[in-house]
Amino acid sequence: MKHVVSAKDRDPNPMLLTICFLLGIANFYMHKAVAESGHPFVEETKRYFGGQFGPYGSYAIELALLIGALWLANAGSLAASLLYAAYTAINGVASWLLLSNKA
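What comes next concerns the included structure. (Residues numbered from 1 in each chain as written. Predicted model: local features only at pLDDT ≥ 70, side-chain atom pairs only at ≥ 80, totals over all residues. Heavy atoms only, no water.)

We now examine the overall build of the protein. Looking only at helices and strands, one finds four helices and zero strands in the protein. Along the chain direction, N to C, the helices and strands of the protein fall in the order α-α-α-α. Classification of the 103 residues of the protein by burial places 22% in the buried group. Across the protein, contacts joining residues at least 24 apart in sequence account for 80% of those joining residues at least 6 apart. (Helix = DSSP H or I, 4+ residues; strand = E, 2+ residues; numbered from the N terminus. Buried < 20%, exposed > 50% of the residue type's maximum accessible area, 1.4 Å probe, protein only. Contact = heavy atoms within 4.5 Å.)

Next up on the list: the pattern of salt bridges. A side chain with one charge can pair with a side chain of the opposite charge if their charged atoms come near. In total, this model carries two salt bridges according to the counting rule given. Note that E36 is salt-bridged to K32, the shortest N-O span being 3.9 Å. E36 sits in the exposed class, given a relative accessible area of 58%. For E43, the salt bridge is made with K46, and the minimal N-O distance between the two is 3.2 Å. Highlighted residues: E43 and K46, both in helix α2 (residues 40–53), separated by three residues, approximately one helical turn. On the basis of relative accessible area, K46 is assigned to the partly exposed category, the value being 38%. (Salt bridge = Lys/Arg side-chain N within 4 Å of Asp/Glu carboxyl O.)

With that settled, consider the nonpolar core. Grouped together as the largest cluster of nonpolar side chains are seven residues: L16, C20, L23, L66, A69, A73 and Y84. Discounting residues that sit within four places of it in the chain, A69 has contacts with C20 and Y84. (Core = buried A, V, L, I, M, F, W, Y, C linked by side-chain atoms within 4.5 Å.)

Approximately 760 Å³ is the volume attributed to the largest pocket. Surrounding the largest pocket, 27 residues form its lining, H31, A35, V42, T45 and S58 being those nearest its centre. Secondary-structure elements contributing two or more residues to the lining of the largest pocket are α1 (14–35), α2, α3 (57–74) and α4 (78–99). For the lining of the largest pocket, the leading source of residues is α2, giving seven residues. Taken together, the residues of the lining of the largest pocket break down into 14 nonpolar, nine polar and four charged. (1 Å grid on protein atoms, 1.4 Å probe; cavity = no way out; pocket = protein on both sides within 12 Å on 5 of 7 lines; lining within 4 Å. Points joined across faces, edges and corners; volume = space filled by probe spheres on them. Nonpolar A, V, L, I, M, F, W, Y, C, P; charged D, E, K, R; others polar.)

On to a nonpolar patch on the surface, then. Taken together, the side chains of Y48, F49, F53, I61 and L65 make up a nonpolar region of the molecular surface, amounting to roughly 510 Å² of accessible area. It is α2 that provides the largest number of residues to the nonpolar patch, a total of three residues. Mapped onto the elements, F49 comes out in helix α2. Assessed through its relative accessible area of 36%, F49 is described here as partly exposed. (Patch = residues over 30% accessible without salt bridge, like charges linked within 9 Å, V, L, I, M, F, W, Y side chains within 5 Å. Areas by Shrake-Rupley, 256 points an atom, 1.4 Å probe, with all protein chains shown as cover.)

Further remarks concern the packing of α3 against α4. One way to put it is that α3 packs onto α4 with a least axis distance of 8 Å and a crossing angle of 150 degrees. Judged on the interaxial angle alone, α4 and α3 are roughly antiparallel. Between α3 and α4, the contacting residues are E62, L65, L66, A69, L72 and A73 on the first element and A80, S81, Y84, Y87 and N91 on the second. (Axes fitted to C-alpha atoms, helices over the stretch in contact; angles between N-to-C directions. Parallel < 35°, antiparallel > 145°, perpendicular 65-115°, else oblique.)

Spelled out as structure tokens, the structure:
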């Protein structure tokens with residue numbers, strides 16, 4: 001009998017899960033810092049999207065991205081974990097620009 005390999009046979013990589021989880025914490029921390037910064041661009045964006053997504057809609061989007069990254073990391077996808085790390089790096093640069101008033 002031929003053994004069929006499926007996604008269920010894959011063991012989750014705890015390192016990928018841990019890294020994605022820690023990156024998610026960093027993303028939420030940066031998101032909160034920028035949201036509470038009072039920067040004019042952020043305030044205008046909150047007014048525009050607040051009516052459509054509510055006051056916590058942006059956090060829901062951030063959570064959906066984290067859940068997706070964790071799900072794909074659990075499936076063993078290194079590419080998805082690297083993409084989430086790149087997303088976190090871009091968030092870090094954007095947060096630094098907004099919080100240091102360079103943007």
